[in-house]
Amino acid sequence: MSDSKEHILSVSLNLFLQKNFKEVTMKEIVEKTGLSKGAFYHYFSSKEQVFEEVIKHYYSDFIITNFEKFSQKSLAEFYTDCLNEKKKRLSTSKLKDDNENAVFTSNHYFLMFDAMKMLPDFKELRVQQQKKELKAWTKIVETAKKSGEIRSKMGVEQIVKLFIYSAKGLGLNCIMEDKYDDSAKKIRELWDELYKELRK
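This report concerns the structure included in the present document. (Residues numbered from 1 in each chain as written. Predicted model: local features only at pLDDT ≥ 70, side-chain atom pairs only at ≥ 80, totals over all residues. Heavy atoms only, no water.)

1. Focus on the overall build of the protein chain
- Looking only at helices and strands, the protein chain features nine helices and zero strands.
- Helices and strands appear in the protein chain in the N-to-C order α-α-α-α-α-α-α-α-α.
- Along the first, second and third principal axes, the C-alpha set of the protein chain runs to 65 × 30 × 25 Å.
- Of all 200 residues assigned to the protein chain, the portion counted as buried reaches 40%.
- Considering only intrachain contacts with a sequence separation of at least 6, the fraction spanning at least 24 residues in the protein chain is 66%. (Helix = DSSP H or I, 4+ residues; strand = E, 2+ residues; numbered from the N terminus. Buried < 20%, exposed > 50% of the residue type's maximum accessible area, 1.4 Å probe, protein only. Contact = heavy atoms within 4.5 Å.)

2. Overview of the nonpolar core
- The biggest cluster of nonpolar side chains holds 26 residues, and the ones touching the most others in it are Phe 16 and Tyr 59.
- Only α1 (3–18), α2 (26–33), α4 (47–63) and α6 (106–118) provide two or more residues apiece to this core.
- Ranked by size, the runner-up nonpolar core spans 24 residues in total, among them Leu 75, Ile 150, Trp 191 and Leu 194. (Core = buried A, V, L, I, M, F, W, Y, C linked by side-chain atoms within 4.5 Å.)

3. Points about the pattern of salt bridges
- Applying the stated criterion across every chain yields a total of eleven salt bridges.
- Across the pair Glu 52 and Lys 56 runs a salt bridge, and its minimum N-O distance is 3.5 Å. In this pair, Glu 52 and Lys 56 both sit in helix α4, four residues apart, roughly one turn of the helix.
- Residue Lys 56 is classed as partly exposed on the basis of its relative accessible area, which comes to 48%.
- Salt-bridge contacts for Arg 188 lead to Asp 192; the nearest nitrogen and oxygen are separated by 3.1 Å. Pair noted here: Arg 188 and Asp 192 are both in helix α9 (residues 183–199), with a separation of four residues, about one helical turn. (Salt bridge = Lys/Arg side-chain N within 4 Å of Asp/Glu carboxyl O.)

4. Structural notes on the packing of helix α7 (residues 120–147) against helix α8 (residues 156–176)
- Remark: α7 packs on α8, axes separated minimally by 9 Å, with the N-to-C direction vectors making an angle of 130°. Viewed along their axes, α7 and α8 adopt a mutual orientation that is oblique. Between α7 and α8 lies a crossing of right-handed hand. Listed contacts from α8 to Arg 126, Glu 133, Leu 134, Trp 137, Thr 138, Val 141, Glu 142 and Lys 145 of α7 are Val 156, Ile 159, Val 160, Phe 163, Ile 164 and Lys 168.
- Within the contact of α7 with α8, the residues separate by chemical class into eight nonpolar, one polar and five charged. (Axes fitted to C-alpha atoms, helices over the stretch in contact; angles between N-to-C directions. Parallel < 35°, antiparallel > 145°, perpendicular 65-115°, else oblique. Left-handed = near helix turned anticlockwise from the far one by under 90°. Nonpolar A, V, L, I, M, F, W, Y, C, P; charged D, E, K, R; others polar.)

5. Thoughts on α2
- Among the residues of α2, Met 26, Glu 28, Ile 29, Val 30 and Thr 33 are the ones counted as buried.
- Summarising the contacts, the buried residues of α2 are in contact with α1, α3 (37–43) and α4.
- One or two steps after α2, the chain reaches Gly 34, where phi turns positive at roughly 80°.

6. With respect to α9
- Between its terminal C-alpha atoms α9 stretches 24 Å, which fits the 24 Å expected from 17 residues at 1.5 Å a residue.
- Burial in α9 covers these residues: Ser 183, Ala 184, Ile 187, Trp 191, Leu 194, Tyr 195 and Leu 198. Seen end-on, α9 carries its buried residues on one side only, within an arc spanning 105°. (Expected span 1.5 Å × (residues − 1). Arc of directions from axis to C-beta.)

7. Overview of the packing of α4 against α7
- Close contact between α4 and α7 brings their axes to 11 Å; oriented N to C, the two are set at 10°. Classified by the angle between their axes, α4 and α7 sit roughly parallel to one another. Seen from α4, the contacting residues are Ile 55, Tyr 59 and Ile 63; seen from α7, they are Phe 122, Leu 125, Arg 126 and Gln 129.
- Taken together, the residues of the contact of α4 with α7 sort by class into five nonpolar, one polar and one charged.

Printed below as a string of structure tokens:
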């Protein structure tokens, strides 16, 4: 990617985060980049095109996970791999603050909601990712039950939902408090306690 295109995406992301998609104008984006209209329009012809590229460039890493690479030996190893991946993603994220620290705030979350409303492909990608997540967790919980790793009489589906939805809820809470970097630690603590209960 050229430096000019990267610059346009960075400036556009900041504008979309400060306001929202509807409030940002194409004129404003062009002015904030400091590029001539000709140079800008060489890369993008509409605000919608800029927005779609911003979403693809900055957010794909946050929603796509290859669950197959996580350990299948035990539920404990599987969820540890999930959390390690979450930490890795945050540390290597393209979303940085002025001090080059990785950041994910409530504004990022709202921007992703805008993307799901406006970009059918992005929404479908998210839906497909959720299905893969559910399938991967179901497989490892079934394995953990068969091996005796977990002895709870609770059903597989309920256990899977407890892991997935507790993480999403806690993650959202951390985002709303602008403490997203704390989320992996808090989720780990919660999952460890849940795992202990499931082993009884």
